[in-house]
Amino acid sequence: MDIIANKTSGKGNGEKCLNAVTKYLDDHGIAYTVHPTERTGHGKALAEKLSANGSDVIVALGGDGTFHEVLNGIDFEKSRLGFIPAGRGNDFAIGSNAVSLDPVKAIENIVKGKTRDLDYIQVGDKRCVNVGGTGLDVEVLLKTAKSKNKLTYVASLFRCLLHFKPYHVTAEVNGESQEYDCIMLGVCNGTQFGGGIKLCPVAKPDDGKMNVIIMTKPKHTPTVFVMPKFVKGKHMDMPCTHHIVCDRLKVQTTAPIELDGEIYYDLDFDAHIVKGGLKTFAIGD
């Protein structure tokens, strides 16, 4: 077993979770090797190397950003991927209900070896495990990354809304195109992002479908007043919410996009679901 660990994730939670995991493995006499990440992109490079060298089980320990990197490096024909959530939000683990938040239970499920195949979203040559999107979510991510006060995602969301201008996008599904002036557009495999914002409460990570959420500007209500419902997942039946279930979506936009919280500036937003492509492990009782 090989563990790709981001020790600095979750303000030190990564190292605490790693200590709990290694203690469990040591106590049970299970062989493992820890590979700490040292820089952005290192998780992807480590996963590529480990898969090429024949590692049958690769464990990603960290937040959704670490999961994203390892997912994009692993070769599922050679390796199966386990997850140990150790970030601040742990949106994929919580939103998918497919991974235990307890690091000991999570590693125990991996050791037991009961397999489960989940979906992931392919966007160009990148894989996305949870949520990808464009619009306000990218603005918020940029603001939180630059903030000296360490604004939370939700706090930054409200600040951005005060000055945000809708993006113009063209979304193509099943050969039919529709134009939107949207606040944001998200493709969902999991239900939440941004540390608990319920973008698509009905999304499932194993149904072979993408849930697309397109939020347009409300006609008669200031957008900022809609956000409490949006954060809690109470926006699905609102007129400004457009919900599409599909297996492929092509979006024409000049804006950058984000996948699992990682921002891409030169990636075509051409997304499709890869049913059962994520080879992982089942959660225990």
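Residues numbered from 1 in each chain as written. Predicted model: local features only at pLDDT ≥ 70, side-chain atom pairs only at ≥ 80, totals over all residues. Heavy atoms only, no water.

Novice: Give me empty space enclosed by the protein: which residues, what numbers.
Specialist: For the structure shown, the criterion picks out one cavity of 30 Å³ or more. By volume, the largest cavity is sized at about 70 Å³. In this structure, the largest cavity is lined by Gly82, Phe83, Ala98, Val99, Ser100, Ala106, Asn109, Ile110, Thr280, Phe281, Ala282 and Ile283. The set of elements that each furnish at least two residues to the lining of the largest cavity consists of strand S4 (80–85), helix H5 (103–112) and strand S15 (269–281). With three residues, the top contributor of residues to the lining of the largest cavity is H5. Class assignment of the residues belonging to the lining of the largest cavity gives a composition of eight nonpolar, four polar and no charged. (1 Å grid on protein atoms, 1.4 Å probe; cavity = no way out; pocket = protein on both sides within 12 Å on 5 of 7 lines; lining within 4 Å. Points joined across faces, edges and corners; volume = space filled by probe spheres on them. Helix = DSSP H or I, 4+ residues; strand = E, 2+ residues; numbered from the N terminus. Nonpolar A, V, L, I, M, F, W, Y, C, P; charged D, E, K, R; others polar.)

Novice: Lay out the nonpolar core in plain terms, naming residues and giving numbers.
Specialist: Ranked by size, the top nonpolar core spans 46 residues in total, and within it Leu185, Phe230 and Leu249 carry the most contacts. Among the elements that make up this core, the one with the highest residue count is strand S9 (residues 176–188) (seven residues). When near neighbours in sequence (up to four residues on either side) are disregarded, Phe230 contacts Leu157, Met184, Phe193, Ile197, Lys198, Leu199, Met215 and His235. (Core = buried A, V, L, I, M, F, W, Y, C linked by side-chain atoms within 4.5 Å. Buried < 20%, exposed > 50% of the residue type's maximum accessible area, 1.4 Å probe, protein only. Contact = heavy atoms within 4.5 Å.)

Novice: How would you explain the environment of Thr280 if you had to name every residue and give the values?
Specialist: Within the secondary structure, Thr280 is located in strand S15. You can call Thr280 buried: its relative accessible area is 5%. Separated by 265 residues in the primary sequence, Thr280 and Glu15 have C-alpha atoms spaced 23 Å apart. The residues touching Thr280, leaving out its near neighbours within four places in the chain, are Arg80, Leu81, Gly82, Phe83, Thr115, Arg116, Asp117 and Leu118. Looking at Thr280, its side chain comes within polar contact range of the main-chain oxygen of Leu81, at 2.7 Å. (Polar contact = N/O pair within 3.5 Å; in protein donor to acceptor, adjacent residues only side chain to side chain.)

Novice: Before we move on, could you go through the pattern of salt bridges and cite the residues and values that matter?
Specialist: Summed over all chains, the structure comprises seven salt bridges. With a closest N to O distance of 2.8 Å, Arg116 and Asp206 form a salt bridge. In this pair, Arg116 sits in strand S5 (residues 115–123) while Asp206 sits in the loop between S9 and strand S10 (210–216), placing the two residues 90 residues apart along the sequence. Overall, the relative accessible area of 34% leaves Asp206 in the partly exposed class. One network of salt bridges, with partners in common, ties together Arg80, Asp117 and Lys279. (Salt bridge = Lys/Arg side-chain N within 4 Å of Asp/Glu carboxyl O.)

Novice: Give me the lowdown on unusual backbone geometry, citing residues and values where you can.
Specialist: Within the chain, Lys11 stands out as a residue other than glycine whose phi angle is a positive 55°. Structurally, Lys11 is set in helix H1 (residues 9–27). One non-glycine residue, Asn90, lies in positive phi territory at about 50°. As for its placement among the helices and strands, Asn90 is situated in the loop between S4 and helix H4 (91–96). Residue Asn90 is classed as buried on the basis of its relative accessible area, which comes to 12%.

Novice: Tell me what's going on with the pairing of S5, and back it up with residues and numbers.
Specialist: The pairing of S5 with S15 spans eight bridges and is classified as antiparallel. Bridge pairing in S15 links Arg116 to Thr280. In this sheet, strand S6 (residues 126–128) lies alongside S5 in antiparallel orientation, the contact comprising three bridges. Pairing of Ile121 across the sheet is with Cys128, part of S6. Between S5 and S6, which follow one another and run antiparallel, lie two residues, and Gly124 among them has a positive phi close to 60°. (Pairing = 2+ DSSP bridges.)

Novice: An account of H5 is requested, with residue identities and associated values reported.
Specialist: Along H5, the residues classified as buried are Pro103, Ala106, Ile107, Asn109 and Ile110. All buried residues of H5 fall inside an arc of 150° around its axis, so they share one side. On its buried face, H5 is in contact with H1, strand S3 (57–62), S4 and S15. A distance of 2.9 Å separates the backbone nitrogen of Val104 from a side-chain oxygen at the start of H5, and that oxygen is part of Asp102. Downstream of H5 by a residue or two, Gly113 has a phi angle that is positive, lying close to 80°. (Arc of directions from axis to C-beta.)

Novice: Now, about the sheet that holds S4: what can you tell me, with residues and values included?
Specialist: Taken in spatial order, the four strands make up an open sheet running S2-S1-S3-S4, and their pairing is parallel. The open sheet terminates on both sides in strands that have one partner only, identified here as strand S2 (33–36) and S4. Pairwise comparison of adjacent strand axes, ignoring direction, gives a mean angle of 25° for this sheet. In the sheet, S3 pairs with S4 via six bridges, with the strands oriented parallel. Along S4, the bridge assignment pairs Ala60 with Phe83. In the packing of H1 onto the sheet, the strands contacted are strand S1 (2–5), S2, S3 and S4, and the crossing angle to S3 comes to about 140°. Contacting S3 and S4, H5 runs over the sheet at an angle of about 170° to S4. (Axes fitted to C-alpha atoms, helices over the stretch in contact; angles between N-to-C directions.)

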